[in-house]
Amino acid sequence: APVFQAIGNMVNLPIAEVRFAHDSQREHFGHLASQQSTAPRRSVLQLAVELMMGMTLPDQVPTFRVCLHEGRWYSYSGNRRLAAFRLAGRFAPDRFTRLMLPVAQADDAFFRGTVGHQQKLTTARNGADCFGRWLVILETGEAGGRA
């Protein structure tokens, strides 16, 4: 079981212990907002580089929620942000070790989805051995988080 420290409804987790809830994800942030805007969109790689170079500080990245399922912490929201932190941690492991994150309940939206939204937990699509350890970037087919 991962080592974690709970403080109220927040949990301090090793970044490497937070698993992806999705089996795959688009590379760019804000795909829904981009329908109304022509501004360039940030990618997972761009955010990771900005984090490593100090251009974006970890506390400037919007937080994402995690939930506990079968003894493992999963990203309830923010799979791309998690991917960026994981990538930054591969190149600067001493600087990107832990995140303080709010805890959500593993609910119906997580397991089955809601009207108009698919379920969040889809890692089984990556095979029985995934359990959220990696997710596939749709545009490239690369498996982020896989060692």
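Here, every reference points to the structure presented above.
Residues numbered from 1 in each chain as written. Predicted model: local features only at pLDDT ≥ 70, side-chain atom pairs only at ≥ 80, totals over all residues. Heavy atoms only, no water.

### Overview of the overall build of the chain
In terms of helices and strands, the chain carries three helices and nine strands. Listing the helices and strands of the chain from first to last along the sequence gives β-β-β-β-α-β-β-α-β-α-β-β. Looking at the chain residue by residue over its 147 residues, the buried ones come to 40%. Pairs at least 24 apart in sequence give 67% of the contacts found in the chain among residues at least 6 apart. Roughly 8,500 Å² of accessible area belongs to the chain as shown, and the carbon and sulfur atoms make up 54% of that amount. (Helix = DSSP H or I, 4+ residues; strand = E, 2+ residues; numbered from the N terminus. Buried < 20%, exposed > 50% of the residue type's maximum accessible area, 1.4 Å probe, protein only. Contact = heavy atoms within 4.5 Å. Areas by Shrake-Rupley, 256 points an atom, 1.4 Å probe, with all protein chains shown as cover.)

### Focus: the pairing of strand S6 (residues 72-75)
Relative to S6, strand S3 (residues 18-19) is paired through two bridges, and the arrangement is parallel. Within S6, the position partnered with valine 18 by the bridge is tryptophan 73. As defined by bridge partners, strand S5 (residues 66-69) adjoins S6 across four bridges and the pair is classed as antiparallel. Looking at the pairing, leucine 68 lines up with tryptophan 73 of S6. (Pairing = 2+ DSSP bridges.)

### As for the environment of serine 75
Structurally, the position occupied by serine 75 is in strand S6. Separated by 46 residues in the primary sequence, serine 75 and leucine 121 have C-alpha atoms spaced 9.1 Å apart. Apart from residues lying up to four places away in sequence, serine 75 is in contact with Val18, Arg19, Ala21, Phe64, Arg65, Val66, Leu82 and Phe110. At 2.6 Å, the side chain of serine 75 forms a polar contact with the backbone oxygen of serine 77. (Polar contact = N/O pair within 3.5 Å; in protein donor to acceptor, adjacent residues only side chain to side chain.)

### Looking at the layout of surface pockets
Computed from the structure, the second largest pocket encloses a volume of approximately 500 Å³. Around the second largest pocket, the lining comprises 21 residues; the ones closest to its centre are Ala83, Leu87, Ala143, Gly144 and Gly145. Counting residues per element, the ones that place at least two in the lining of the second largest pocket are helix H1 (44-53), helix H2 (79-91) and strand S9 (143-144). Take the lining of the second largest pocket: its biggest share by element is six residues, from H2. Across the lining of the second largest pocket, the residue classes break down as eleven nonpolar, five polar and five charged. (1 Å grid on protein atoms, 1.4 Å probe; cavity = no way out; pocket = protein on both sides within 12 Å on 5 of 7 lines; lining within 4 Å. Points joined across faces, edges and corners; volume = space filled by probe spheres on them. Nonpolar A, V, L, I, M, F, W, Y, C, P; charged D, E, K, R; others polar.)

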